[in-house]
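Here is what each chain is made of, one letter per residue.
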Amino acid sequence: ETLIDARALSSQKMFDLSIHFMDGTTTTLQAGASWTVADVKSQIEQKHSLPSLHEFRLIRGTQELFDNTRIEIEIQAVAMKSAAKAIAILNELMETWKMRHNDEQSDKDKA
């Protein structure tokens, strides 16, 4: 059984790893950036008791993940127009216009 030394992991970047079980339950682990599948299995076994002669198998999509495999995360990114960014730019332009307009008005008042 692989035990993970918390002191060794403290210097590594950590991320939350959600594990979904076939019964519909989910558990979340604080995983280290260099963890392998064996490390994840070990942490799950520590968190959830298993009947004797049972083991956890980790599956991603249709493939089983093997013990020496590093945990990889896939994230999809989509570039799209941002209404929030457009509004922020418009607000900046309005503030600039107001400042210039106020400066021009105060110049006229002085003259």
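Residues numbered from 1 in each chain as written. Predicted model: local features only at pLDDT ≥ 70, side-chain atom pairs only at ≥ 80, totals over all residues. Heavy atoms only, no water.

Enquirer: Honestly, the overall build of the chain in this entry has me stumped. Any pointers?
Expert: When helices and strands are counted, the chain shows three helices and four strands. Start at the N end of the chain and walk to the C end: the helices and strands fall as α-β-β-α-β-β-α. Sequence-distant contacts in the chain: of pairs separated by 6 or more residues, those separated by 24 or more amount to 38%. Just so you have it, the chain exposes about 9,600 Å², and 54% of that area is on carbon and sulfur atoms. (Helix = DSSP H or I, 4+ residues; strand = E, 2+ residues; numbered from the N terminus. Contact = heavy atoms within 4.5 Å. Areas by Shrake-Rupley, 256 points an atom, 1.4 Å probe, with all protein chains shown as cover.)

Enquirer: Could you clarify how one ought to interpret the confidence of the model for the chain in this entry?
Expert: Keep in mind that low pLDDT regions are not for reading the predicted coordinates in detail. Mean pLDDT over the chain stands at 81; residues scoring 70 or higher make up 86%. The low-confidence segment residues 6–10 (pLDDT under 50) makes three contacts with residues lying over four places distant or belonging to another chain. (pLDDT = per-residue confidence, 0-100.)

Enquirer: How do you make sense of the packing of aromatic side chains when you look at a structure like this?
Expert: Any aromatic ring pair is given by two values, namely how distant the centres are and how the planes are angled relative to each other. According to the stated counting rule, one finds one aromatic pair in the structure shown. Ring centres 5.8 Å apart and planes at 55 degrees place the aromatic pair Phe-21 and Phe-56 in the tilted group. Taken together, the positions of Phe-21 in the loop between strand S1 (14–20) and strand S2 (26–32) and Phe-56 in the loop between helix H2 (37–47) and strand S3 (58–60) put the pair 35 residues apart, joining distant regions of the chain. Residue classification places Phe-56 among the buried positions, given a relative accessible area of 13%. (Phe/Tyr/Trp six-rings, centres within 6.5 Å; stacked < 30°, edge-to-face > 60°. Buried < 20%, exposed > 50% of the residue type's maximum accessible area, 1.4 Å probe, protein only.)

Enquirer: Please explain a nonpolar patch on the surface as it appears in this structure.
Expert: Taken together, Ile-89, Leu-90 and Leu-93 make up a surface patch of nonpolar side chains, about 310 Å² in accessible area. Its location among the elements puts Leu-93 in helix H3 (residues 83–110). Judged by its relative accessible area of 53%, Leu-93 is exposed. (Patch = residues over 30% accessible without salt bridge, like charges linked within 9 Å, V, L, I, M, F, W, Y side chains within 5 Å. Salt bridge = Lys/Arg side-chain N within 4 Å of Asp/Glu carboxyl O.)

Enquirer: What exactly am I supposed to notice about H2 here?
Expert: Side chains that are three or four residues apart share a direction in an α-helix, a result of its 3.6 residues per turn. Summarising burial for H2: eight of the eleven residues are buried, a large majority. Every buried residue of H2 is listed here: Val-37, Ala-38, Asp-39, Val-40, Lys-41, Ser-42, Gln-43 and Ile-44. Those residues of H2 that are buried are in contact with S1, S2, S3 and strand S4 (63–65).

Enquirer: Would you mind going over the nonpolar core with me for this structure?
Expert: Where a protein is soluble and globular, its nonpolar side chains tend to be buried together. In this structure, Leu-17, Ile-19, Leu-29, Ala-31, Trp-35, Val-37, Val-40, Ile-44, Phe-56, Leu-58, Leu-65 and Ile-71 together form the largest nonpolar core, which totals twelve residues. In terms of residue count, the dominant contributor to this core is H2 (three residues). (Core = buried A, V, L, I, M, F, W, Y, C linked by side-chain atoms within 4.5 Å.)

Enquirer: What is the right way to read the pairing of S2 from this model?
Expert: Successive residues of a regular strand alternate their side chains across the two faces of the sheet. Strand direction decides the pairing type here: S1 and S2, joined by seven bridges, are antiparallel. Looking across to S2, one finds that His-20 is bridged to Thr-26. Joining the antiparallel neighbours S1 and S2 is a turn of five residues, in which Gly-24 adopts a positive phi near 95 degrees. (Pairing = 2+ DSSP bridges.)

Enquirer: Whenever I open this one, the pattern of salt bridges confuses me. Can you help?
Expert: Side-chain pairing between opposite charges can occur once the charged atoms of the two side chains come close. Scanning the model with the defined rule gives four salt bridges in all. Salt-bridge contacts for Lys-41 lead to Asp-67; the nearest nitrogen and oxygen are separated by 2.8 Å. Remark: Asp-67 occurs in the loop between S4 and H3 and Lys-41 occurs in helix H2; sequence separation between them is 26 residues. Residue classification places Lys-41 among the buried residues on the basis of a relative accessible area of 12%. Judged by relative accessible area, which is 39%, Asp-67 ranks as partly exposed. The partner of Glu-95 in a salt bridge is Lys-98, and the shortest N-O contact between them spans 3.9 Å. With a gap of three residues between them, Glu-95 and Lys-98 both fall in helix H3, about one helical turn apart.

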